[in-house]
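Listed here are the chains, written in short residue letters.
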Amino acid sequence: MDLNFYNTIQELNKNKVSYWVCHGSLLGLARNGDLIPWDHDIDIAVWEGEYTEEYIINIFKLMGFKWDQDHPDGSLKFERNGARSVDINFYKDSESSKKLACCLHRLPKSKISSLLDKLAHNKKYKGQYKFTYRFFKLFKFILVPLYKRLDKAGFIYIEKGYTTPKDLLVNFINVDYFGVNCKVPEKFKSINAYIYGDEWLVPNEKYNWMTDSSSVIDKVS
């Protein structure tokens, strides 16, 4: 049992939040009734506009979670006790199709874009290019204005994320997770097939959501 998942579901139910388990967490529950062992985060979805970010943040702070303020726009990430982190994904209508809902994350287009993003917003950098990042910081007075121009021209970020047919997100059911009721879409099998393909029942430890799912869309941000 994952205590962070268990407590998250308990509190969301207690606060009567209209959520559903999504993405890899839904896949694990549907496949074997538990989270995928090699999946390091917990995926929960809510509809954008139903809850403010502040409201969600307060719920998790009361549970002792720390909000990761460096996490990309489109979802909120919370961490506690070195266990699985929790991602709250904000779903909305897709601009590309009236039949789809999507959760888009604002992501840097390249490693250089990522470095500039962290530099411009004073974010911590923990990747393999930490020495390059330190070098960049020496020229922050030049690079930050350059970043702003490139961002305005659409060269820094891309919005990327899963889509799901809206008619699959109408009805929800409860499934048991060690005595707590988790809300999942009634047509979870169809959702898993749409996102992960017809072979969704077969575990794939090397799965990469950004490249391996035909449901993912992207647009220049």
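Note that the structure is a prediction, hence the values are computed from the model and not measured. (Residues numbered from 1 in each chain as written. Predicted model: local features only at pLDDT ≥ 70, side-chain atom pairs only at ≥ 80, totals over all residues. Heavy atoms only, no water.)

S.K.: Outline a nonpolar patch on the surface, listing residues and values.
M.R.: On the surface, F135, L138, F139, F141 and I142 cluster together to form a nonpolar patch covering roughly 550 Å² of accessible area. Tracing the sequence through the fold places F135 in helix α5 (residues 130-137). (Patch = residues over 30% accessible without salt bridge, like charges linked within 9 Å, V, L, I, M, F, W, Y side chains within 5 Å. Areas by Shrake-Rupley, 256 points an atom, 1.4 Å probe, with all protein chains shown as cover. Salt bridge = Lys/Arg side-chain N within 4 Å of Asp/Glu carboxyl O. Helix = DSSP H or I, 4+ residues; strand = E, 2+ residues; numbered from the N terminus.)

S.K.: Help me get a handle on the packing of aromatic side chains, residues and values and all.
M.R.: The description of an aromatic ring pair rests on the distance of the ring centres and on the angle between the ring planes. Under the definition given, this model contains 13 aromatic pairs. On the basis of an interplanar angle of 55° and a centroid distance of 5.3 Å, the ring pair of W20 and W47 is categorised as tilted. Placement of the pair is W20 in strand β1 (residues 19-21) and W47 in strand β2 (residues 41-47), with a sequence separation of 27 residues. Judged by relative accessible area, W20 falls into the buried class, the value being 3%. Where Y51 meets Y55, the ring centres are 5.8 Å apart and the plane angle is 15°; that geometry is what we call stacked. By relative accessible area, Y51 is classed as buried at 17%. The partly exposed category is assigned to Y55, whose relative accessible area is 33%. Ring pairs connect the aromatic residues W20, W47, Y91 and F172, which therefore count as one cluster. (Phe/Tyr/Trp six-rings, centres within 6.5 Å; stacked < 30°, edge-to-face > 60°. Buried < 20%, exposed > 50% of the residue type's maximum accessible area, 1.4 Å probe, protein only.)

S.K.: Could you give an account of the nonpolar core, naming the residues involved and the relevant values?
M.R.: Taken as a class, soluble globular proteins show a tendency for nonpolar side chains to be buried jointly. In this structure, F5, V21, I44, F60 and I88 are the most contacted members of the largest nonpolar core, which totals 46 residues. With residues near it in sequence (within four places) discarded, F5 still touches V21, L29, L35, I42, I44, Y177 and C182. In this structure, L119, Y125, I156 and Y157 belong to the second largest nonpolar core, which totals 10 residues. (Core = buried A, V, L, I, M, F, W, Y, C linked by side-chain atoms within 4.5 Å. Contact = heavy atoms within 4.5 Å.)

S.K.: Tell me about the packing of helix α4 (residues 111-120) against helix α6 (residues 140-152), and please be specific about residues and values.
M.R.: For any two helices packed against each other, the geometry comes down to the angle between their axes and how far apart the axes lie. Where α4 contacts α6, the two axes come as close as 10 Å, and the packing angle between them is 115°. The angle between α4 and α6 falls in the class roughly perpendicular. Seen along the crossing, α4 lies across α6 with a hand that is left-handed. Within the contact between the two elements, α4 uses L116, D117, L119 and A120 and α6 uses K140, L143, V144, Y147 and L150. (Axes fitted to C-alpha atoms, helices over the stretch in contact; angles between N-to-C directions. Parallel < 35°, antiparallel > 145°, perpendicular 65-115°, else oblique. Left-handed = near helix turned anticlockwise from the far one by under 90°.)

S.K.: Requested: an account of the pairing of strand β10 (residues 172-177), with residues and values cited.
M.R.: Bridge count for β10 against strand β11 (residues 180-185) is six bridges, and the pairing is antiparallel. Residue F172 lies in a different strand from β11, and its bridge partner there is P185. Taken together, β10 and the strand that follows it, β11, pair antiparallel across an intervening segment of two residues, in which F178 is found at a positive phi of about 50°. (Pairing = 2+ DSSP bridges.)

S.K.: Tell me about the side chain of K118, and name the residues and values.
M.R.: Positionally, K118 belongs in helix α4. Put simply, K118 is tucked away with no salt bridge, and the nearest opposite charge, on D117, sits 4.7 Å away. Other than its neighbours up to four places away in sequence, K118 contacts K123, K124, Y125 and Y133. (Lys, Arg positive; Asp, Glu negative; His and termini not counted.)

S.K.: So what's going on with the pattern of salt bridges? Residues and values would help.
M.R.: Inspection of every chain in the model, using the stated rule, returns five salt bridges. E79 is the partner of K77 in a salt bridge, and the nearest nitrogen-oxygen pair spans 3.8 Å. Overall, E79 belongs to the partly exposed group, its relative accessible area being 36%.

S.K.: Can you tell me about unusual backbone geometry, naming the residues and giving the values?
M.R.: Positive phi outside glycine occurs at K16, with the angle close to 55°. With respect to the secondary-structure elements, K16 resides in the loop between α1 (3-14) and β1. In this structure, F178 takes a positive phi of about 50° despite not being glycine. For F178, a relative accessible area of 47% corresponds to the partly exposed category.

S.K.: Describe α4, and please don't skip the residues or the numbers.
M.R.: Burial runs high along α4: seven of the 10 residues are buried. For α4, the set of buried residues is S113, S114, L115, L116, D117, K118 and L119. On its buried face, α4 sits against β7 (105-108), α5, α6 and β8 (157-161). At the exit of α4 stands N122, carrying a positive phi of roughly 55°.

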